[in-house]
Amino acid sequence: MANFSRTVLVLVLAIGCAVASPVPHRDEATVEELKARLSTASVSDRPHICVEIAEKQLTETDRLYAASDLEKAQASLSDVVAYSEMARDYAVKSHKYQKQAEIAVRGMARKLTELSHSLGHDEQAPVEDAVGKLESVRDDLLSSMFKKRAK
C-alpha cells in the first residue's frame, strides 16, 4: 500500500510540474510573420498588428541595449517608433483600437524612459528622442478620441 501511495504522489507531482512549466507558445507570431501579415490585413486589424510589432521590437531593443549592441538596438528602437506611428495612423483612419493603442504606446514610452535611465549619458539621446515621438503619438491618439464637437 505504501508503494501505491508513493507512486500516486510521484505521478501527481510529475503532472503538477508538467502543467506548471512554461511551454513556449508556437502560436505567437514572430516580428517577420507579423510584418508579412500586416500587408494583407484589413485596415481595422492593422493597428493591433502594428502595436504587437512595436512591443516585440521594444523587448528586442531592451535586450540589445543590455547586451551593449548599440547599432542593432537603435535599429530596433526605430522600428518601435515607426510601428507605433503606423498603429496611430491606422487607428485614427479606421476609428478602431484607438484607446488600446494609446494605452500600449503609453506603456512603451514608460519602458523606454526606464531604459534611458539605465544607459550612459551618450546612449540616452536616441531613446529620449523615441520617447518624445511616442508621446506625440499618444497626443495624436487622444486628440482623435476626444475631438471637440461643433455646437
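Just above sits the structure.
Here is a short report on the structure shown in this document. (Residues numbered from 1 in each chain as written. Predicted model: local features only at pLDDT ≥ 70, side-chain atom pairs only at ≥ 80, totals over all residues. Heavy atoms only, no water.)

Within the protein, the regular secondary structure consists of six helices and zero strands. Counting from the amino terminus, the protein carries its helices and strands in the arrangement α-α-α-α-α-α. Scored against the burial criterion, the 151 residues of the protein give a buried share of 34%. A sequence separation of at least 24 residues applies to 65% of the contacts in the protein between residues at least 6 apart. (Helix = DSSP H or I, 4+ residues; strand = E, 2+ residues; numbered from the N terminus. Buried < 20%, exposed > 50% of the residue type's maximum accessible area, 1.4 Å probe, protein only. Contact = heavy atoms within 4.5 Å.)

Next up on the list: the pattern of salt bridges. One pass over the structure, following the stated rule, counts nine salt bridges. Its salt-bridge partner being Asp89, residue Arg88 comes within 2.9 Å of it at the nearest N-O pair. Residue classification places Arg88 among the buried residues on the basis of a relative accessible area of 14%. What emerges from the salt-bridge pattern is a single network uniting Glu102, Arg106, Glu135 and Arg138. (Salt bridge = Lys/Arg side-chain N within 4 Å of Asp/Glu carboxyl O.)

Another aspect to go through is the side chain of Ser116. Along the polypeptide, Ser116 turns up in helix H5 (residues 98-118). Relative accessible area serves as the criterion here: at 4%, Ser116 is assigned to the buried category.

What follows deals with unusual backbone geometry. You will see that Ser68, though not glycine, has its phi angle at about 60°, which is positive. Counting through the fold element by element, Ser68 comes out in the loop between helix H3 (46-66) and helix H4 (70-94). A relative accessible area of 58% means that Ser68 is categorised as exposed. The phi torsion at His95 lies on the positive side, around 60°, for a residue other than glycine. Following the sequence through the fold, His95 ends up in the loop between H4 and H5. His95 gets classed as exposed once you look at its relative accessible area, which sits at 56%.

Here the focus is the layout of surface pockets. In this structure, the largest pocket spans a volume of roughly 210 Å³. Taken together, Glu55, Lys56, Leu58, Thr59, Asp62, Ala104, Gly107, Met108, Lys111, Leu112, Glu114 and Leu115 make up the full set of residues lining the largest pocket. When the residues that make up the lining of the largest pocket are grouped by side-chain class, the tally is five nonpolar, two polar and five charged. (1 Å grid on protein atoms, 1.4 Å probe; cavity = no way out; pocket = protein on both sides within 12 Å on 5 of 7 lines; lining within 4 Å. Points joined across faces, edges and corners; volume = space filled by probe spheres on them. Nonpolar A, V, L, I, M, F, W, Y, C, P; charged D, E, K, R; others polar.)

With that settled, consider the nonpolar core. Residues Tyr65, Met108, Leu112, Val127 and Leu134 are the most contacted members of the largest nonpolar core, which totals 35 residues. For this core, the elements supplying multiple residues, two or more each, are helix H2 (31-40), H3, H4, H5 and helix H6 (121-145). Every residue in contact with Leu134, bar those within four places of it in the chain, is listed here: Val80, Val81, Ser84, Val105, Met108, Ala109 and Leu112. (Core = buried A, V, L, I, M, F, W, Y, C linked by side-chain atoms within 4.5 Å.)

By the secondary structure assignment, Ser44 is in the loop between H2 and H3. In sequence terms Ser44 and Ser94 are 50 residues apart; their C-alpha atoms lie 5.4 Å from each other. Beyond its immediate sequence surroundings of up to four residues, Ser44 is in contact with Ser94 and Lys96.

Mapped onto the elements, Arg46 comes out in helix H3. This buried residue, Arg46, is left without a salt bridge; Asp45 holds the nearest opposite charge, at 8.3 Å. For Arg46, the side chain forms a polar contact with the side chain of Tyr90, separated by 3.4 Å. (Lys, Arg positive; Asp, Glu negative; His and termini not counted. Polar contact = N/O pair within 3.5 Å; in protein donor to acceptor, adjacent residues only side chain to side chain.)

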